[in-house]
Amino acid sequence: ATVVRSEESGPPTLDFPATLAPPPVLGEAEAIAAQTLLDDVREQSASIVTYARELVRRFGEGSTSAEAALLSEGLATPEARTTFMAQLLGVRNIPARVVHGLRLGETETRGGLQPWLAVFNGPAWTLIDPRTAAEGFPSDFFLWHAGNAPLLVVDGNPRASVEFITSLNLADAMAMAERRLEVQN
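All values reported here derive from a predicted model rather than from experimental measurement.

The strand order across the open sheet formed by 4 strands is E4-E3-E1-E5, and the pairing between neighbours is antiparallel. Edge positions in the sheet fall to strand E4 (125–128) and strand E5 (141–145), since each of these pairs with one other strand and no more. Pairwise comparison of adjacent strand axes, ignoring direction, gives a mean angle of 45° for this sheet. On the sheet, helix H2 (residues 48–59) packs against strand E3 (114–120) and E4 and is oriented at approximately 20° with respect to E4.

Before going further, it helps to spend a moment on helix H4 (residues 78–91). If you check H4, its first and last C-alpha atoms are 20 Å apart, about what 14 residues at 1.5 Å a residue would give, namely 20 Å. Of the positions making up H4, those classed as buried are Thr82, Phe84, Met85, Ala86, Gln87, Leu88, Leu89 and Gly90. Immediately beyond the C-terminal end of H4, within one or two residues, lies Asn93, with a positive phi of roughly 60°.

A few words now on the nonpolar core. Leu55, Phe59, Leu88, Leu89, Leu117 and Val119 are the most contacted members of the largest nonpolar core, which totals 25 residues. Mapped onto this core, the elements with two or more residues apiece are helix H1 (28–43), H2, helix H3 (66–72), H4 and E3. With residues near it in sequence (within four places) discarded, Phe59 still touches Leu37, Ala68, Leu71, Ser72, Arg81, Phe84, Met85 and Leu88. Listed in part, the 10 residues of the second largest apolar core include Val99, Phe120, Trp125 and Leu127.

Here the focus is the environment of Leu102. Tracing the backbone through its elements, the reader meets Leu102 in strand E1 (residues 96–103). Classification of Leu102 by relative accessible area gives buried; the value is 8%. Along the chain, Leu102 and Asp140 lie 38 residues apart, while their C-alpha atoms are 8.2 Å from each other. When residues no more than four places from it in sequence are discounted, the contact partners of Leu102 are Gly112, Leu113, Asp140, Phe141, Phe142, Trp144, Phe164 and Thr166.

Per the counting criterion, the structure on display carries 6 aromatic pairs. Judged by centre distance (4.8 Å) and plane angle (45°), the rings of Trp116 and Phe141 are tilted. With a gap of 25 residues between them, Trp116 in strand E3 and Phe141 in strand E5 connect regions that are remote in the sequence. Assessed through its relative accessible area of 2%, Phe141 is described here as buried. Among the aromatic side chains, those forming a connected cluster through ring pairs are Phe16, Phe120 and Trp125. One residue, Arg97, lies across the ring of Phe16, its end atom 4.1 Å from the ring centre.

All right, on to the pattern of salt bridges then. The full count for this structure, using the stated rule, is 5 salt bridges. Here Arg92 and Asp39 are joined by a salt bridge, their closest N and O atoms 2.5 Å apart. Here Arg92 is found in the loop between H4 and E1, whereas its partner Asp39 is found in helix H1, with 53 residues between them in sequence. On the basis of relative accessible area, Arg92 is assigned to the partly exposed category, the value being 25%.

Below, the discussion takes up the environment of Asp40. As for its position among the elements, Asp40 is in helix H1. Each C-alpha atom, one on Asp40 and one on Ser65, is 9.9 Å from the other, the two residues being 25 residues apart in sequence. Here Asp40 is in contact with Arg58 and Glu67, once residues within four sequence places are set aside.

So, on to H1. If you check H1, its first and last C-alpha atoms are 23 Å apart, about what 16 residues at 1.5 Å a residue would give, namely 22 Å. Those residues of H1 that sit buried are Ala33, Ala34, Leu37, Leu38 and Val41. One face of H1 carries all of its buried residues, which in axial projection span an arc of 130°. Those residues of H1 that are exposed and aimed more than 90 degrees away from the buried face are Glu28, Ile32 and Glu43. Tucked inside the fold, the buried residues of H1 contact H2, H3 and H4.

What counts, and at which threshold
- Residues numbered from 1 in each chain as written.
- Predicted model: local features only at pLDDT ≥ 70, side-chain atom pairs only at ≥ 80, totals over all residues.
- Heavy atoms only, no water.
- Pairing = 2+ DSSP bridges.
- Helix = DSSP H or I, 4+ residues; strand = E, 2+ residues; numbered from the N terminus.
- Axes fitted to C-alpha atoms, helices over the stretch in contact; angles between N-to-C directions.
- Contact = heavy atoms within 4.5 Å.
- Expected span 1.5 Å × (residues − 1).
- Buried < 20%, exposed > 50% of the residue type's maximum accessible area, 1.4 Å probe, protein only.
- Core = buried A, V, L, I, M, F, W, Y, C linked by side-chain atoms within 4.5 Å.
- Phe/Tyr/Trp six-rings, centres within 6.5 Å; stacked < 30°, edge-to-face > 60°.
- Lys NZ or Arg CZ within 6 Å of the ring centre and 35° of its normal.
- Salt bridge = Lys/Arg side-chain N within 4 Å of Asp/Glu carboxyl O.
- Arc of directions from axis to C-beta.

The analysis is restricted to geometry; functional conclusions fall outside its scope.
As structure tokens, this is what we get:
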């Protein structure tokens, strides 16, 4: 598929209902760790977005949070970790969900969709990188889907996967722009 992006259009608007993620299922030790972690995060935040960013920082590499380390056990993938953070935010009545997208680059890039954390701060959704806690829509991020449904389901092959290859191709963009002009005339 060819996708043409305009720099003038700005970041996309996330338009889905503000619902709470279901709470995570935790044992007694994990529940205590989660409560302690969420209380500590609250002390370091001033808004919904700073709360979510601080929670992501606690789960990040180099974090010294014993609670986050305990809660991270068994969260082997970025998808699982991001989903868990959305669930923890739901415990504090903060609407959050996982969205998936691709980072576009100047060179050919291969890979799968990356999970990102979307947090509803009242008037709008804010995107947070679950790896770095950076806030906002990066200019090179292409939102693919926002949901929990699997991207691909193949009967008889539960391990089917999808890989994306992206590349910058100005010729395709120019051809698309010319076709749009023809249609308008």
